[in-house]
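In case you want the letters, here they are:
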Amino acid sequence: MKSAKHLVIPFIILVLLGVAALVFYVVDKRMKEPEVTSTGAPVDILYISPVDIASVNVFHRDGNLNVKVVKTTSTNGSSVYSYLGDDKTGDSYSQVVMDEFVASLTSFVGCVPVKENANLAEYGLDNPAFKVTVTKTDGTAGTVCIGNLSADSTKCYVCAQGSSAVYLVSESKHRFASKTAKDMIDARVLNVSLSDISSVRFVRKSDNTELLANCIYDKENDSFSFKFTEPFETGSSAYFDRLIEYICRLEANEYEDVSFDNLSKFGLSSPEITITLKTKDYRDLTLSFSSVMNGFYYGRLNSSGKIFKVIAEKLESIESPVLVLINEYVFYDTCDNIDSIDCVSPDRRFTMKFDVAKGKTISDDGSSVTLDGRNAKVSSNMGRSYAAMLYESIFCINIGGIDAGATIGSSAVPVTTITIYDRNHSSVVYAFYKRNDDSYYVCRNGQYTKFYVYGRELYNDGGTNTYDYGLWPAYEILTKAITEQINGVYDIPEKQ
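Description of the structure in this document. Everything quoted here is computed from the prediction, not taken from an experiment.

Now for the side chain of Thr449. Locating Thr449 in the fold gives a position in strand S28 (residues 447-454). Classification of Thr449 by relative accessible area gives buried; the value is 13%. In terms of polar contacts, Thr449 uses its side chain to reach the backbone carbonyl oxygen of Val442, at 2.7 Å. At 3.2 Å, the side chain of Thr449 forms a polar contact with the backbone nitrogen of Phe451. Apart from the residues within four sequence positions on either side, Thr449 is in contact with Phe232, Val442, Cys443 and Arg444.

For a regular strand, the rule is simple: side chains alternate between the two faces of the sheet. Where strand S15 (residues 254-256) and strand S19 (residues 304-311) come together, three bridges link them in antiparallel fashion. From the neighbouring strand, Tyr255 faces S19, where its bridge partner is Phe308. Relative to S19, strand S18 (residues 296-301) runs antiparallel, the two sharing five bridges. Within S19, the position partnered with Tyr298 by the bridge is Lys309. Between S18 and S19, which follow one another and run antiparallel, lie two residues, and Asn302 among them has a positive phi close to 55 degrees.

Moving on, we come to the sheet that holds strand S6 (residues 112-115). On the basis of which strands lie adjacent, the open sheet formed by eight strands has the order S4-S3-S2-S7-S8-S9-S10-S6 and antiparallel pairing. At either margin of the open sheet sits one strand with a lone partner, and together these are strand S4 (79-83) and S6. Strand-to-strand twist in this sheet, taken as the mean axis angle between neighbours without regard to direction, amounts to 25 degrees. Summarising the sheet, S6 and strand S10 (residues 166-170) pair through three bridges and their orientation is antiparallel. Note on S10: the bridge partner recorded for Val112 is Leu168.

The next subject is helix H2 (residues 95-105). Among the residues of H2, Val97, Met98, Phe101, Val102, Ser104 and Leu105 are the ones counted as buried. Down the axis, H2 shows its buried residues gathered within 165 degrees of arc, on one side only. Looking at where H2 begins, the residue whose side-chain oxygen comes 3.3 Å from the main-chain nitrogen of Val96 is Ser94.

As a further point, take the packing of helix H8 (residues 386-395) against helix H10 (residues 471-484). To describe two helices that pack against each other, one gives the angle between their axes and the distance between the axes. Look at H8 against H10: their axes get within 9 Å of each other, and the N-to-C directions meet at 165 degrees. Taken together, H8 and H10 sit at an angle that is classed as roughly antiparallel. The interaxial crossing formed by H8 with H10 has left-handed handedness. Where H8 abuts H10, its residues Tyr386, Ala387, Met389, Leu390, Ser393 and Ile394 lie against Leu471, Ala474, Tyr475, Ile477, Leu478 and Ala481.

About the criteria used
Residues numbered from 1 in each chain as written. Predicted model: local features only at pLDDT ≥ 70, side-chain atom pairs only at ≥ 80, totals over all residues. Heavy atoms only, no water. Helix = DSSP H or I, 4+ residues; strand = E, 2+ residues; numbered from the N terminus. Buried < 20%, exposed > 50% of the residue type's maximum accessible area, 1.4 Å probe, protein only. Polar contact = N/O pair within 3.5 Å; in protein donor to acceptor, adjacent residues only side chain to side chain. Contact = heavy atoms within 4.5 Å. Pairing = 2+ DSSP bridges. Axes fitted to C-alpha atoms, helices over the stretch in contact; angles between N-to-C directions. Arc of directions from axis to C-beta. Parallel < 35°, antiparallel > 145°, perpendicular 65-115°, else oblique. Left-handed = near helix turned anticlockwise from the far one by under 90°.

Structure (structure tokens):
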């Protein structure tokens, strides 16, 4: 019993401490969260028609800063905004952001009454964080004070200047009022149409890459592609196309001030990547980028202006290997553009001829294709065309790699020569010379392309997988299919 009595007093003390803590929490909460005592209908404390707005000025208590946007009307009746705040710099400011800023801070409608004769200090309105003054075209003005955010940060307290009536409005008013010059800088780093681009130079230090490509714009179809001219000639990949398309309309996520320290800090005193767009009116637009830093690329345009930062994912292919940026095939064309193909090796040769209408394929009923004069329209039971298989093995030869410094001896003999004749009777010759036991240099019309291909592109036997054949095994299968077909059908036997 004696030990039990000793436990009663500590227990009572714990209960009293708990009650005291609860009382303190309730009192403290009430002190921090002013009660809404009014039940009146929503009130419009300020609304200015867009046609009557001349300017919006926000005074920031912290920093003693005036943020000012002036509105004028162009000859065609559209609104034009100018930034004239104390912190104005030489940057270009976004018409869209300034329009949103003005629209938000000239409309305080549907405000929820909190208290008629309030102690403004309770709501942060005795010395408000922001004073919004809207001036009309006739010179008259109205001012709204913005104080604290509500406890849940979804609303903020406001009042008309000179009034003690307090209201709640959306926190967006507080957010827009807090904007300064840096928040209104035009996010567009570039806004160039691809139809205006003449060429692109892409330079990357990490792997000594330097590529030059001409832009080919198809006005009729509003489409584009790029043709690399240095250090080799080939088409671009979809990855390169998307990268340049994004660069042409590049938007910054944020900006950083320019200083010697920041140029070094953000890797721009010696940029990792440089992309230069040359326009048809002879302008050079050069974007310099750092390597990825904390999930961002930092950059500058024409080595001037603020440092911008872009989320790395938006420029995902900027550090891709060169083989990803260029077309994957040594050459490619559709069969409706081809008249014939001659393929020659030291021990065999063949000629394919085509008569395929525009937009049609080898398998279509009206198409004609022959191999050495024999009808080559033979398919498997699954409908796979063996002539199409051979065509693909020729026109889908993958580039294996780049070997820019290699030379091909004058006495070298090609292991395979492919001559392609188009419908306009023009021809191009591709020759393949041994590089090592598993790769071959590629020449185009007698000039080394600086590319090589792997042996499988010429010699792989795909078995029953008709999408995995090299050129010569595909030729042998088509020859066998023509010889052994029954009513135009032949199936490759399973290997035992």
